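# Chains, contacts and geometry: an overview
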Amino acid sequence: MIYLKLLLTFFKIGAFTIGGGYAMLPFIEQEVTKNAWVSEAELIDFVAVSESTPGPFAINIATFIGMKTAGILGAVCTTLGVVLPSFIIILIVACFLKKFRENKAVKGGLTGLKPAVPGLIAAAIISIATAVLAPDGFSLEVFKSAAFYYSIAIFGVGVVMCFKKLHPIWVVCVSAVLGIACGFIF
Amino acid sequence: MKKLLELFLIFLKIGAFTFGGGYAMIPLIQKEAAEKKGWIKKEDILEIVAVAESTPGPIAINAATLIGFRHAGFFGAFFATLGVVLPSFVIIVALTFIFEAFKNNRVVAYAFAGIRAGVLALLIHALYTMFKQTQKNAFSYIIMGAAFIAVAVFKVNILFVVIGAAVLGLVYSFMVQRRAKK
């Protein structure tokens, strides 16, 4: 039953990621590739789309994966799945907010969870980078393709733009234009 | 009833007009919910952000649920959350159809080849920002490195990594407290 599986998977993702959108990406990537719901390339494309459309990143990605895997009902399941844990947990926390913030167990758990997030994102970046730079797997052939080099160049431009604090939408737009230009030239 | 409709509409607006989610929403939440409506006090914003950050799930959803709940109880939480989710959902469902239709177009394919490299840059930047925000001590670095190796090299399920990190954090902070008492 695909709908139930989507709902439960995204419920799990929603319940076990702290720190929002990008922190969810490693988890989503692992689940999506394991179940072969969308390809790695599609996932990356949709990270870009999510950055360039309004709304929370996590909801955009969840809706997209549900939609691609099982249509509108699938999208309802993934979105509901990712929202539900938040909703339930916040309702519980809101009832005793002060206690929650000063709770030693919560604080202790967060001491371990917070530094784990960059580690997980770094791991996701490795597999995403492999999919971007060497879509057919790493071999000497990779270094012969023009796409490899201009991808690195576009990546470089993107990094500079990010650190100049330009909005992600601009990074997406500029990379798109450069991608089209390079595609026609090479 | 009017309260609920108001909550729903305000969060619909917040959901429809912020790009990038969570943190990008906070200034808008501040303007709409604190300054214009006075639902929450300005100094409460920081607390709301702190709770939204330290509970599981998307920050935007956590913040919306929390503000809705404080202002109008369970149904307030429900309508605020629905409001913040709905624009995303509708836009993405529509986009998926467009996306499929243009997938095989040559220009679109080239554009996405470029965009993928750009996204990699966005991810590196997100990683850098998060790295800067973590505490600079040996324990943090060990957890960070262990989480990375567990997933990148050993392909451990992230669920276990998350649970493991929380448990280690718990053990570590109790040990620190004990030592401080002595």
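The residue numbers shown here count from 1 along each chain, following its written sequence. Chains and ligands are labelled sequentially in the order written, the chains with letters from A and the ligands with numbers from 1. With pLDDT at 70 or above as the cut-off, local features in this predicted model cover only qualifying residues; side-chain atom pairs require 80 or more to be listed or tallied, and sums for whole chains, interfaces and linings still use all residues.

### Here's the deal with the confidence of the model for chain B
All names here are of chain B. Rules: For every residue, the predictor assigns a confidence score, pLDDT, that lies between 0 and 100. Numbering of helices and strands runs from the N terminus, with a helix taken as a DSSP run of H or I at least four residues long and a strand as a DSSP run of E at least two residues long.
Considering every residue of chain B, the mean pLDDT works out to 89; 98% of them sit at 70 or more. Per-element confidence in chain B ranges from a low mean pLDDT of 79 for helix α2 (residues 22-36) to a high of 95 for helix α6 (residues 138-152). For this predicted complex, the interface confidence comes out at an ipTM of 0.86, alongside a pTM of 0.86.

### Some details on helix α6 (residues 104-133) of chain A
In plain terms, the rule: One less than the residue count of a helix, multiplied by 1.5 Å, gives the span that helix is expected to have. One axis is fitted to the seven residues ending at the residue and one to the seven starting there. The bend at that residue is the angle between these axes.
Along its 30 residues, α6(A) runs 44 Å from first to last C-alpha, staying within 8% of the 44 Å computed at 1.5 Å per residue. For α6(A), the principal kink sits at A:A116 and spans about 25°; a proline, A:P118, occurs within the next four residues.

### Structural notes on the interface of chain B and chain A
Keep this limit in mind: Contact between two residues is assigned whenever their backbone-derived C-beta positions fall within 7 Å. Nonpolar residues are Ala, Val, Leu, Ile, Met, Phe, Trp, Tyr, Cys and Pro. Charged residues are Asp, Glu, Lys and Arg, and all others, Gly as well, are polar.
Residue-level contacts link 78 residues of chain B with 90 residues of chain A. Only α1 (2-17), α3 (44-54), α4 (59-102), α5 (106-133), α6 and α7 (158-181) of chain B provide two or more residues apiece to the side of chain B that touches chain A. When residues of the side of chain B that touches chain A are assigned to their parent elements, the largest contribution, 21 residues, is made by α5(B). Per-class residue counts for the side of chain B that touches chain A are 54 nonpolar, 21 polar and 3 charged.

### Here's the deal with the nonpolar core
The criterion, for reference: Each nonpolar core comprises buried Ala, Val, Leu, Ile, Met, Phe, Trp, Tyr and Cys residues, the members being joined through C-beta atoms within 7 Å. Whether a residue is buried, exposed or partly exposed follows from its count of other C-beta atoms within 10 Å of its own C-beta, namely 20 or more, 12 or fewer, or something in between, respectively; the C-beta atoms are built from the backbone.
Core analysis: the largest hydrophobic core is formed by 111 residues, its most contacted members being A:A116, A:L120, A:I121, B:A63, B:A147, B:V161 and B:A165. In this structure, B:A165 is in contact with A:G112, A:L113, A:A116, B:I143 and B:A147, ignoring residues within four places of it in sequence.

### Overview of the domain arrangement of chain B
Heads up, the rule is: Domain start and stop positions are those given by an automatic or database domain assignment.
Structurally, chain B comprises domain 1 (2-102), domain 2 (105-133) and domain 3 (135-182). Taking only C-alpha atoms into account, the centre of domain 1 of chain B sits 26 Å from that of domain 2 of chain B.

### Remarks on the packing of α6(A) against α6(B)
Worth spelling out the cut-off: Axis lines are fitted through C-alpha atoms, for helices just across the contact stretch, and the angle between N-to-C directions can take any value from 0 to 180 degrees. Two helices that cross are described as forming a left-handed crossing if the nearer one is turned anticlockwise from the farther one by less than a right angle, and a right-handed crossing if clockwise.
Taken N-terminus to C-terminus, the directions of α6(A) and α6(B) make an angle of 35°; their axes are 7 Å apart at the nearest point. Relative to α6(B), the crossing made by α6(A) is right-handed. In contact with A:G112, A:P115, A:A116, A:P118, A:G119, A:L120, A:A122, A:A123 and A:I126 of α6(A), α6(B) contributes B:S140, B:I143, B:M144, B:G145, B:A147, B:F148, B:V151 and B:A152. Here the contact of α6(A) with α6(B) is composed, by residue class, of 13 nonpolar, 4 polar and no charged.

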